[in-house]
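This is what each chain is made of:
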Amino acid sequence: MDVGVARDKGRGQWRPIIKDPHIQCSFAQYEPWLFRRDADGYLQSSYSLLMSTLKPQMVIVLGDIFAEGYKASLQEWRDYLQCKDTVFPVSDGVQFVVLPGDNDIGGEGSDVMKQEVISRYTSQFGPMNDVIKHGGITLIKLNTVCHIRSRNMNSIESQAKLQLDTFLQQYSKNTSLQQEPKATILLSHVPLNELPNYALRDEIVQTLRPHYVFSGHVHHSDHQLHSPGNQHRGSPVEEFTVPTCSYRMGQMYMGVGAATVGNDGTVTYRVLWLPQRFPFLISYIILGSFLLSIILCMMLRRKMLKLVSIHS
C-alpha cells in the first residue's frame, strides 16, 4: 500500500474512506470458496495496514460493504456481520460510519428494496440519512441509492425517496445543524452526476451546502466540481469519487481514500493505492498448472512402469 500521507501541523486525524469492499463471506456464489476467501483476505490485510499506519478515530465506508447483502437470508446476514467484524475489526474509540449501497439494500436493476432488508440494515448501521458531528466537522450521510432507479419503483423505494426529501427539508429548517463548522462533508454512495437529473443534484448541493462530497459506486477514482448555486456565492463544491478497494470489481488499480481537515476547514485528500492482485493470481494459476502437469506426468510414468513390469 502506498501510504503517502503525513501528519502536518494544524491538520487533524486522517479519516480512511473505504468504498465498495464487497465482503464475500461464505455466501453461496458461483465462485469457489478459495476465491472468496482470497478476496476477503486481501481486504483484511489492506485494512490492517491502513489502521496501523493512520491510527484513525473514524472510518467511513461509502456503501456496498457486502457483496450481496440485499438478498441474503437471515442466517446469511448474520454470517455477513461476523465476516465484517473479522475483515474490518473496529478498536475502542474508533467510529465506524457505513452508508447504504445497492448491494446492501437493493435499488439497482432488478434488485428491488424490501422492508425487512432496510430494517435489518438500519438496526445494524443506523439511519440511512443522518448528520454526524465529529471533531468540529459535520458529516452528512445521504441515501442516494433510492434514486438509482428513476421509474418502476416499488412502494419501499418510493418511501425511501420520500424520507430523503423529508430529511432535506428538515435540514434546511434546522439552523442548529447549519452552525458554521470547520467543514461540512457530504457522504453519498452514488456520485452526484450519476443521479437521474441535475435538478436533484442542485437541490442537494444548495440545501446541504457541503464544502466537499465523497462518493463511490462507479469503482474508479474521479474528481468533479459543482456550482454552489446563485443563492450561495462561493467556491465550487469539490466531489471526490473514491476508487474501489476490492479487486473483484475488475479494476486493475484499487485504493482507499484518506482525508484530513485543517484548522481553516480545508480538506486534504489522498488515494492510498493498494497492491495489484491480478498479476499474483495469474502467477498462482500458471504455477499451479505447472505443478499439476508435473504430478500428472509422474502418475502416468508410474502407471506405465507398473504395466511394463507386469508384462515382463
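These numbers were taken from a predicted model, which means no experiment stands behind them. (Residues numbered from 1 in each chain as written. Predicted model: local features only at pLDDT ≥ 70, side-chain atom pairs only at ≥ 80, totals over all residues. Heavy atoms only, no water.)

Caption draft 1: Geometry of the sheet that holds strand β11 (residues 267–273). Taken together, five strands build an open sheet; the order of strands is β3-β2-β1-β10-β11 and the sheet is mixed. Each edge of the open sheet is held by one strand with a lone partner, namely β3 (95–98) and β11. Taking the axes of each pair of neighbouring strands and ignoring which way they run, one obtains an average angle of 20° across the sheet. (Pairing = 2+ DSSP bridges. Helix = DSSP H or I, 4+ residues; strand = E, 2+ residues; numbered from the N terminus. Axes fitted to C-alpha atoms, helices over the stretch in contact; angles between N-to-C directions.)

Caption draft 2: Representation of the packing of helix α5 (residues 155–173) against helix α6 (residues 198–208) in the model. One way to put it is that α5 packs onto α6 with a least axis distance of 9 Å and a crossing angle of 30°. It follows that α5 is roughly parallel to α6 by the angle criterion. Considering how the two elements wind past one another, α5 and α6 form a crossing that is left-handed. Mapping the contact onto sequence places Phe 167, Leu 168, Tyr 171 and Ser 172 in α5 and Glu 203, Ile 204, Thr 207 and Leu 208 in α6. When grouped by side-chain class, the residues that make up the contact of α5 with α6 number five nonpolar, two polar and one charged. (Parallel < 35°, antiparallel > 145°, perpendicular 65-115°, else oblique. Left-handed = near helix turned anticlockwise from the far one by under 90°. Contact = heavy atoms within 4.5 Å. Nonpolar A, V, L, I, M, F, W, Y, C, P; charged D, E, K, R; others polar.)

Caption draft 3: Structural detail: the pairing of strand β9 (residues 237–241). Among the five residues that make up β9, four are buried, leaving the element largely enclosed by the rest of the structure. One ladder, built from four bridges, connects strand β7 (residues 212–215) with β9; its direction is parallel. Note on β9: the bridge partner recorded for Val 213 is Glu 239. Sheet topology places strand β8 (residues 222–226) next to β9; five bridges connect them, and they run antiparallel. Looking at the pairing, Leu 225 lines up with Glu 238 of β9. (Buried < 20%, exposed > 50% of the residue type's maximum accessible area, 1.4 Å probe, protein only.)

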